[in-house]
Every structure is written in structure tokens, then in C-alpha cells.
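# Understanding the architecture of this molecule
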Amino acid sequence: MRRPGPVLALALIIAAPVSLAMAQVENLDPAGDAAMAAGAAPVAPAAPAANVPVWRNQNFSEKNLKGARFSGAHFEDSDFSKSNLINADFSGMVLRRGKMKAANLTVANFTGAVLEDVDFSGSNLSKACFIGARLIRASFTGANINSAVFTGAVFEGGDANTANIAAMARYGPKTCP
């Protein structure tokens, strides 16, 4: 049986996104449950659900993906650099070793996403939403984070810019623009 090509694969991702919302709610740790009861944002699980396919070495660089839906998808070693991702939905997504350099991520939704070793250098993240996201060694060097919301996001490692963002993540709105 012939495997779908990259264009068809992208169409499948956009047309039929995998939803991890229920799996995330079921996999919250007890500390996360207590934080939610206190009014804090939910925290993304450390690992995706076992039945989600892993997309490796995908190249979405320099593409117009405005409004694309990657919700619940799992990508590794993939490149979204210099792409138009305005209003894209990455909620519940897992991205490991990803590049989003110089991408336009204005109003992008990363709620509950797990972002490990992701490089956002030089990207426009104005009004992006990272509520409850888990950011592991993420880089935001030179990124525009004006009006981005990081409330309840968990930061592990990263550069000096990430440390400053993490300090701001304790405060802020509980909803995104």
C-alpha cells in the first residue's frame, strides 16, 4: 500500500486533527489537579497519548499555513521556520526538537502544548497563547512576545530570555486574546 505524500499528510493533519483534550484532563498530575481547583491553568502532560502517530522530519518552512490546525499532533525534528502561522492551532501538540525561527505566530494557540527543544528565535509571537504549556529548553531569543500569554506555563531550562518569560508566567490573564 502506498503511503500518502507530504501534501496529503498535511491535508490530513489540518482536516482531521487529533484531539488530546480528554487524555490531557485524565493525565493531569495531582499537583496539577490541586492547581486547577485553586483557579490555575491546567498543565500539559509530560508525554502524549500512546495512540497518537509521531510525524518526524516534516518540513513546513516558508509555507502559508494561516489558520492551520495541528491540535493534538506529535512532531519530532520538524521545521516551521519562516512560515505564516497566524492564528494556527497548536493546542495539545507535542513538538520535540522543532524549529519555528522567524515564523509569524501571531495569535497562535499553544494551550497545553509540550514544546521541547523548540527554537522560536526571531519569531512574531504577539498575542500567542501558551496557557498551561510545558516549555522544555525553549529559545525565544529576539522573538516578539508582545501581549503573548504564558499564564500557568511550566518552563524547564532554556536561555536567559526564557527565564525572564517564566518569571512573568506566574502572573497574567487566565484567557487569551
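### Describing the overall build of the protein
Of the regular secondary structure elements, the protein holds four helices and six strands. Secondary structure elements of the protein, listed N to C terminal, follow the sequence α-α-α-β-β-β-β-β-β-α. In the protein, once contacts between residues fewer than 6 apart in sequence are set aside, the share between residues at least 24 apart is 18%. Counting every atom, the protein has about 8900 Å² of accessible surface; 55% of that belongs to carbon and sulfur.

### A short note on the nonpolar core
Ranked by size, the top nonpolar core spans 35 residues in total, and within it Phe90, Phe110, Phe120, Phe130 and Phe140 carry the most contacts. Discounting chain neighbours no more than four positions away, the residues touching Phe120 are Met100, Leu105, Phe110, Leu115, Leu125, Phe130, Leu135, Ser139, Phe140 and Ala143.

### A short note on the confidence of the model for the protein
Of the residues in the protein, 70% reach a pLDDT of 70 or more, and the chain-wide mean stands at 78. Here residues 6-45 scores under 50 on pLDDT; set against residues more than four positions off or in separate chains, the count is 52 contacts.

### Regarding the sheet that holds strand β4 (residues 114-116)
Across the sheet, six strands lie side by side as β1-β2-β3-β4-β5-β6; this open sheet has parallel pairing. Of all the strands in the sheet, the pair left with one neighbour each is β1 (54-56) and β6 (154-156). Across the sheet, the mean angle from the axis of one strand to that of its neighbour is 10°, orientation sign disregarded. As paired strands, strand β2 (residues 74-76) and strand β3 (residues 94-96) are joined by three bridges and run parallel to one another. Bridging from a neighbouring strand, Phe75 pairs with Leu95 of β3.

### Brief notes about the packing of aromatic side chains
Here a ring pair, both rings aromatic, is described through the centre-centre distance and the interplanar angle of the planes. Counted under the stated rule, the structure contains 17 aromatic pairs. On the numbers, 4.9 Å between centres and 25° between planes, the contact of Phe60 with Phe80 is stacked. Taken together, the residues span a long stretch of sequence, with Phe60 in the loop between β1 and β2 and Phe80 in the loop between β2 and β3 at a distance of 20 residues. The buried category is assigned to Phe60, whose relative accessible area is 5%.

### Here we look at the pattern of salt bridges
Counted according to the given criterion, the structure contains eight salt bridges. Arg56 serves as the salt-bridge partner of Glu76, at 3.3 Å between the closest nitrogen and oxygen. Taken as a pair, Glu76 in strand β2 and Arg56 in strand β1 lie far apart in primary sequence, 20 residues in all. Owing to a relative accessible area of 11%, Glu76 belongs among the buried residues under this scheme.

Thresholds, definitions, all that
- Residues numbered from 1 in each chain as written.
- Predicted model: local features only at pLDDT ≥ 70, side-chain atom pairs only at ≥ 80, totals over all residues.
- Heavy atoms only, no water.
- Helix = DSSP H or I, 4+ residues; strand = E, 2+ residues; numbered from the N terminus.
- Contact = heavy atoms within 4.5 Å.
- Areas by Shrake-Rupley, 256 points an atom, 1.4 Å probe, with all protein chains shown as cover.
- Core = buried A, V, L, I, M, F, W, Y, C linked by side-chain atoms within 4.5 Å.
- Buried < 20%, exposed > 50% of the residue type's maximum accessible area, 1.4 Å probe, protein only.
- pLDDT = per-residue confidence, 0-100.
- Pairing = 2+ DSSP bridges.
- Axes fitted to C-alpha atoms, helices over the stretch in contact; angles between N-to-C directions.
- Phe/Tyr/Trp six-rings, centres within 6.5 Å; stacked < 30°, edge-to-face > 60°.
- Salt bridge = Lys/Arg side-chain N within 4 Å of Asp/Glu carboxyl O.

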